[in-house]
Amino acid sequence: MCSAKNASPAINALKFTQWLDIWDGFEYSTNPPDRKPKPSMFIFSMNASTLRSYSDVYKRERSSVESEGIQRKRDEKRTERIQEYVQYGYPYGDLKESQRTSEKVVLRKPGWLPTAIVVNILEPGDVRRGKQASQGLTANVIENSGQYQIQLPHLNEFTQDDVRPFEVIDGQHRLWAFEEQLDGDYELPVVAFHGLDIAWQAYLFWSINVSPKRINPSHAFDLYPLLRNQAWLEQTGDLTVYREARAQEITEWLYKHPDSVWKNRINMLGESGAGWVSQAAFVRSLTAAFFGTGRGKAGRYGLFQAATPGQEEPLPWTRSQQVALVLEFWRLVKEAIDDGEAGDWADAFKGAKPERDPFDDRSSMLNQDMGVRAAHAVVNDFLYRSVDQWQLADWVAEEFDETDTNEEDVSRSLETLRNQDFYEPFKELALALTRFDWRSLDGPGVRDNRDLELTRRAYRGSGGYTLLTNDIIRELSKSQSASVAKIARTISTGGE
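Residues numbered from 1 in each chain as written. Predicted model: local features only at pLDDT ≥ 70, side-chain atom pairs only at ≥ 80, totals over all residues. Heavy atoms only, no water.

You'll find the protein chain entered in an unreviewed UniProt entry as DGQHR domain-containing protein, with Paracoccus aurantiacus given as the organism.

Okay, here's the thing in structure tokens:
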């Protein structure tokens, strides 16, 4: 640190370069969020509590205009555990208070944290949460005869609303363990990038945490929505694995959640003659619809996967929110059928002898692979087109377990979903979709109507899925719900 009494704090730093000539030939944007990064970075050590005071952590949030921040929600329990580890090491730091007897004192050890905190040094003019980093409150990199220092403003110059000089890319839980001063001299190693754009920060997180397989890749996608639509991940296969894993998890919840109309009604083992839609069909349809990347010929933009219109990333919904949306859609469909709102096709099932269930019968396309696939595709396309109009991003999860999807979180998301402003038009969409004639070729009365029989035979052909999907959209364009009809016409014409 500088010795002059009123001089700004300065930290000696080592500049190092990681840049290969071949990287100059890669594609870079000239605009945020992925401008060409600087070739060099810095490494230094800093008192942990002081570093904490100079740093901000930007949890991933979305405004109506843009998204910023890459950090997941801070886990207080994890921070507390690190605090205990720092003070007492392992295993004493993991013991409950009642277990810390005098005999266990010998288990105390130093709690070292030798791995680096990774930060980005903000530049003047950088905007975070609508606030601009000002010239006098940023960290300046000073060079003198090949020696480098990071010059910092005094902490007493900051107000509560000012942007701090450092933003944490990796290591927030370790750093926040020092929110309260711990006695002694405890420094942390720091690797500092300078002016690094947000997309590169997300990529850096991937490089540090996922590439060496330290955490489950699917968790990374859920914590950082920005990663979900990165083309480079599609090329490695990691994105495909994530999409299928997430679709399979949603299928499992459809099969086992108490509020699911598909509870115990999905053919999870692919058994022949089971009479239910197979797990594989659900996974394929969810992957193609809600987890579509939009790439390839006629690629579908998935609500849970692709960057939404006018944004750089998908909706930042949690896993429990994604599960809840699919569960609730199917519940609304069955509710409309049970309440007699679906129309003549459903009445044909109920009037058959013996009476048949329009939702559960094997001759209902709602209980067939193709029908489920078409329903998922249509609902996804409607919601993707309605992200701004229905303000889907306003649905924010409350407390949730970021490392797992549990029944409590799914149930809570179902409850909050029903309180959203977009829930009413969502219900209208589900109701309008039930008005389509879901009878298959073997459905009651189909073979008595020549035109209906020919259409159903066409659905069995090679282009049957596309024909079915288009017919559903055409039916929705005649919906009594003006908003549903309008969106259906927009989809059918390919307009905006």
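Okay, back to it.
Draft legend 1. Just the nonpolar core, in detail. Counting 72 residues, the largest nonpolar core has Trp262, Phe290, Leu303, Trp330, Phe382 and Leu476 as the members making the most contacts within it. If you look at the next biggest cluster of nonpolar residues, it comprises 30 residues, including Ala48, Ile117, Phe178 and Ala192. (Core = buried A, V, L, I, M, F, W, Y, C linked by side-chain atoms within 4.5 Å. Buried < 20%, exposed > 50% of the residue type's maximum accessible area, 1.4 Å probe, protein only.)

Draft legend 2. Structural context of the sheet that holds strand β10 (residues 147-151). Read across the sheet, eight strands follow the order β3-β11-β6-β12-β2-β1-β10-β9 without closing on themselves; strand pairing throughout is mixed. Each edge of the open sheet is held by one strand with a lone partner, namely β3 (55-56) and β9 (140-144). (Pairing = 2+ DSSP bridges. Helix = DSSP H or I, 4+ residues; strand = E, 2+ residues; numbered from the N terminus.)

Draft legend 3. Spatial organisation of helix α15 (residues 464-476). End to end, α15 covers 18 Å across 13 residues, agreeing with the expected 18 Å (1.5 Å per residue, within 8%). Those residues of α15 lying buried are Gly464, Tyr465, Leu468, Thr469, Asp471, Ile472, Ile473 and Leu476. In this structure, the buried side of α15 is in contact with α11 (369-385), α13 (423-434), α14 (450-459) and α16 (482-493). (Expected span 1.5 Å × (residues − 1). Contact = heavy atoms within 4.5 Å.)

Draft legend 4. Representation of unusual backbone geometry. Residues Tyr90 and Pro91 are joined by a peptide bond in cis, for which omega reads 15°. Counting through the fold element by element, Pro91 comes out in the loop between α2 (76-88) and β6 (117-121). Look at the link from Lys353 to Pro354: it is a cis peptide, with omega at -5°. Phi angles above zero are rare outside glycine, and Ser145 is one such case at about 55°. Following the sequence through the fold, Ser145 ends up in the loop between β9 and β10. The phi torsion at Gln391 lies on the positive side, around 55°, for a residue other than glycine. Within the secondary structure, Gln391 is located in the loop between α11 and α12 (407-417). Gln391 sits in the partly exposed class, given a relative accessible area of 44%.

Draft legend 5. Quick peek at the pairing of strand β1 (residues 10-17). Pairing between β1 and β10: four bridges, direction antiparallel. Each bridged residue has a counterpart across the sheet, and for Ala13 the counterpart in β10 is Tyr148.

Draft legend 6. Geometry of the packing of aromatic side chains. Under the defined criterion, the tally for this structure stands at 23 aromatic pairs. Between Trp19 and Trp23, the aromatic rings sit 5.2 Å apart at their centres with planes inclined by 85°, giving edge-to-face as the arrangement. Exposure remark for Trp19: the relative accessible area of 21% places this residue in the partly exposed category. Between the aromatic rings of Phe178 and Tyr186, the centroid separation amounts to 5.0 Å while the plane-to-plane angle is 40°, which identifies the pairing as tilted. For Phe178, a relative accessible area of 2% gives the class buried. Three or more aromatic residues joined by ring pairs form one cluster here, namely Phe290, Phe291, Phe304, Trp317, Trp395 and Phe422. Seen from the ring of Trp253, Lys256 lies directly overhead, with NZ or CZ sitting 4.3 Å from the centre. The lysine or arginine in question, Arg373, covers the ring of Tyr465, its NZ or CZ lying 3.6 Å from the ring centre. (Phe/Tyr/Trp six-rings, centres within 6.5 Å; stacked < 30°, edge-to-face > 60°. Lys NZ or Arg CZ within 6 Å of the ring centre and 35° of its normal.)

Draft legend 7. Inspection of the pattern of salt bridges at higher detail. According to the stated counting rule, one finds 26 salt bridges in the structure shown. Put simply, Glu328, Arg331, Glu335 and Arg418 are held in one network by salt bridges that share partners. (Salt bridge = Lys/Arg side-chain N within 4 Å of Asp/Glu carboxyl O.)

Draft legend 8. Representation of the packing of helix α9 (residues 319-338) against α13 in the model. The geometry of α9 relative to α13 is characterised by a closest axis approach of 9 Å and an angle of 55° between their N-to-C directions. In terms of orientation, α9 and α13 fall into the oblique class. Like other packed secondary-structure pairs, α9 and α13 cross with a definite hand, here right-handed. Of the residues in α13, those in contact with Leu325, Glu328, Phe329, Arg331, Leu332, Val333, Ala336 and Ile337 of α9 are Tyr423, Phe426, Lys427, Ala430, Leu431, Leu433 and Thr434. Taken together, the residues that form the contact of α9 with α13 break down as 11 nonpolar, one polar and three charged. (Axes fitted to C-alpha atoms, helices over the stretch in contact; angles between N-to-C directions. Parallel < 35°, antiparallel > 145°, perpendicular 65-115°, else oblique. Left-handed = near helix turned anticlockwise from the far one by under 90°. Nonpolar A, V, L, I, M, F, W, Y, C, P; charged D, E, K, R; others polar.)

Draft legend 9. Focus on the side chain of Asp126. Mapped onto the elements of the fold, Asp126 is located in the loop between β6 and β7 (127-128). By relative accessible area, Asp126 is classed as buried at 16%. Within the structure, the side chain of Asp126 is placed 2.7 Å from the backbone nitrogen of Glu123, a separation counted as a polar contact. Apart from the residues within four sequence positions on either side, Asp126 is in contact with Lys131, Gln132 and Ala133. (Polar contact = N/O pair within 3.5 Å; in protein donor to acceptor, adjacent residues only side chain to side chain.)

Draft legend 10. Representation of the side chain of Asn367 within the structure. You can see Asn367 is positioned in the loop between α10 (344-351) and α11. Of the residues examined, Asn367 reaches a relative accessible area of 4% and is grouped as buried.

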